[in-house]
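# Observations on the model geometry
Chain residues, written in single-letter form:
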Amino acid sequence: MGNFKMRRISKLTRVAVGVASLALAATACGGTSSESSGSDSETSKSEKGLAIAYDIGGKGDQSFNDAAYAGLEKAQKEFDYQTEDIEPTEGETDADKQQRLESLAKQGYNPVIGVGFAYGPAMEAAAKAYPDTSFGIVDSVVEGDNVASLVFAEQEASYLAGVAAAKATKTNTVGFIGGVDIPLIHKFEAGYKQGVEDTNSKVKVLSQYLTQTAEEGGFSSPDKGKAAAEGQIEKDADVLYQAAGLSGQGVIEAAAKAKVWAIGVDSDQYNQEALAPYKEYILTSALKDVGGAVYSLAKSVEDGKPLTGVQTFDLKVDGVGLADSNPKMGEIAGLTDAIAKAKAGIIDGTIKVKTE
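Notes on the structure in this doc start here. Just so we're clear, the structure is a prediction, and the values are computed from it rather than from any experiment.

### Side note on the sheet that holds strand β8 (residues 204-211)
Ordered by their spatial adjacency, six strands build an open sheet running β8-β7-β9-β10-β11-β13, and the pairing between neighbours is mixed. With partners counted over all chains shown, the strands left at the sheet margins are β8 and β13 (320-322), one partner each. Sheet twist, expressed as the average angle between the axes of neighbouring strands with direction ignored, equals 15 degrees. Taken together, the five bridges between strand β10 (residues 261-266) and strand β11 (residues 282-288) define a ladder with parallel strand orientation. In the strand pairing of β11, I263 is matched with T284.

What follows is the structure, given as structure tokens:
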């Protein structure tokens, strides 16, 4: 059974991978108001489908939230139903989040997805209150018969980013910048460090977290990302990997200004319209197919067989990966082969990637 389920997800995620970069161009300008596609509020229940509630940083982050929006766009086109995507508010509480999720369920949206681990407590309560609605949460595990926990093997994509960084560095110093010092982001750092170390043990990794808590703006402050990047560049880092949401734009900007490499995260940032001025310095991106996971849940509800429980998207099912959009990757000696070899090793289990 497990194998069947994995194969099924694999098919769905693969379909969605190519869609993400196309759909993302549409979100480049971002925006704060929620947008819905479809008719007015009198739309019948059956015409309402997927609704997503964003995490900190909202739409237009060119990264995590925009990847979720790409999944929503794909579902909307394919199933021709009304969708909704709603921005968070500054300094909101769990009660605010719960109210948002319950309001979407009450309006007849199905499934309702909370984009980000911050929705955990709110989702547990909302799913109990609306047992006939399918809920999904990205990056967290929430118990409930009607909840799908959409989690990713971020450490595996990060390991590949580490391999790329170790091959690309000329100074033997590379950097990692995490948005917030939490277990989720530790997975990115752990995989990256291990990938660097396994590829070239002489390379030093500088690590830094922007804030201790999300409330302090670690995922939503490009200025903080820029300052951290400038500090690492001063210490000779010539490849910077960021897992910092909207803050990562500041890291990419600083890297491009100093003419060193940046490694993007979650979406293929080389192809993001808003980041076009810096693209030649975006070596690659550690991909996390949030859009594919969002779409998979929507499709399962549409098919009358809603996904529930923990759904893990890893390298084996193309749920994570490494972008190869920048042609300059091919010009770095041994980089492409090293990544292919590492990917095969992770998939066949000979490389065990750490999460801490």
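### A closer look at unusual backbone geometry
The omega angle of the peptide bond from N110 to P111 is 0 degrees, so this bond is cis rather than trans. Along the polypeptide, P111 turns up in the loop between α3 (94-106) and β4 (112-115). Not every positive phi belongs to a glycine, and K259 is a case in point at roughly 60 degrees. Relative to the assigned elements, K259 resides in the loop between α8 (248-257) and β10.

### Here's the deal with the packing of α3 against helix α4 (residues 120-129)
Where α3 contacts α4, the two axes come as close as 8 Å, and the packing angle between them is 40 degrees. When you trace α3 past α4, the crossing you get is right-handed. Between α3 and α4, the residues in contact are D94, K97, Q98, L101 and E102 and P121, A122, M123, A125, A126 and A129, respectively. Split by residue class, the contact of α3 with α4 holds seven nonpolar, one polar and three charged.

### With respect to the packing of aromatic side chains
By the definition in use, this model includes seven aromatic pairs. Where F152 meets F313, the ring centres are 5.3 Å apart and the plane angle is 25 degrees; that geometry is what we call stacked. With a gap of 161 residues between them, F152 in strand β6 (residues 147-152) and F313 in strand β12 (residues 309-313) connect regions that are remote in the sequence. Taken together, the ring pairs in this structure connect F176, Y192, Y209 and Y241 into an aromatic cluster. Above the face of the Y119 ring, K97 is positioned so that its terminal group lies 5.6 Å from the ring centre.

### Regarding the side chain of D314
You can see D314 is positioned in the loop between β12 and β13. In this structure the side chain of D314 is engaged in a polar contact, spanning 3.2 Å, whose partner is the backbone nitrogen of V317.

Cut-offs and rules
- Residues numbered from 1 in each chain as written.
- Predicted model: local features only at pLDDT ≥ 70, side-chain atom pairs only at ≥ 80, totals over all residues.
- Heavy atoms only, no water.
- Pairing = 2+ DSSP bridges.
- Helix = DSSP H or I, 4+ residues; strand = E, 2+ residues; numbered from the N terminus.
- Axes fitted to C-alpha atoms, helices over the stretch in contact; angles between N-to-C directions.
- Left-handed = near helix turned anticlockwise from the far one by under 90°.
- Contact = heavy atoms within 4.5 Å.
- Nonpolar A, V, L, I, M, F, W, Y, C, P; charged D, E, K, R; others polar.
- Phe/Tyr/Trp six-rings, centres within 6.5 Å; stacked < 30°, edge-to-face > 60°.
- Lys NZ or Arg CZ within 6 Å of the ring centre and 35° of its normal.
- Polar contact = N/O pair within 3.5 Å; in protein donor to acceptor, adjacent residues only side chain to side chain.

In short, shape yes, function no, at least from these values alone.
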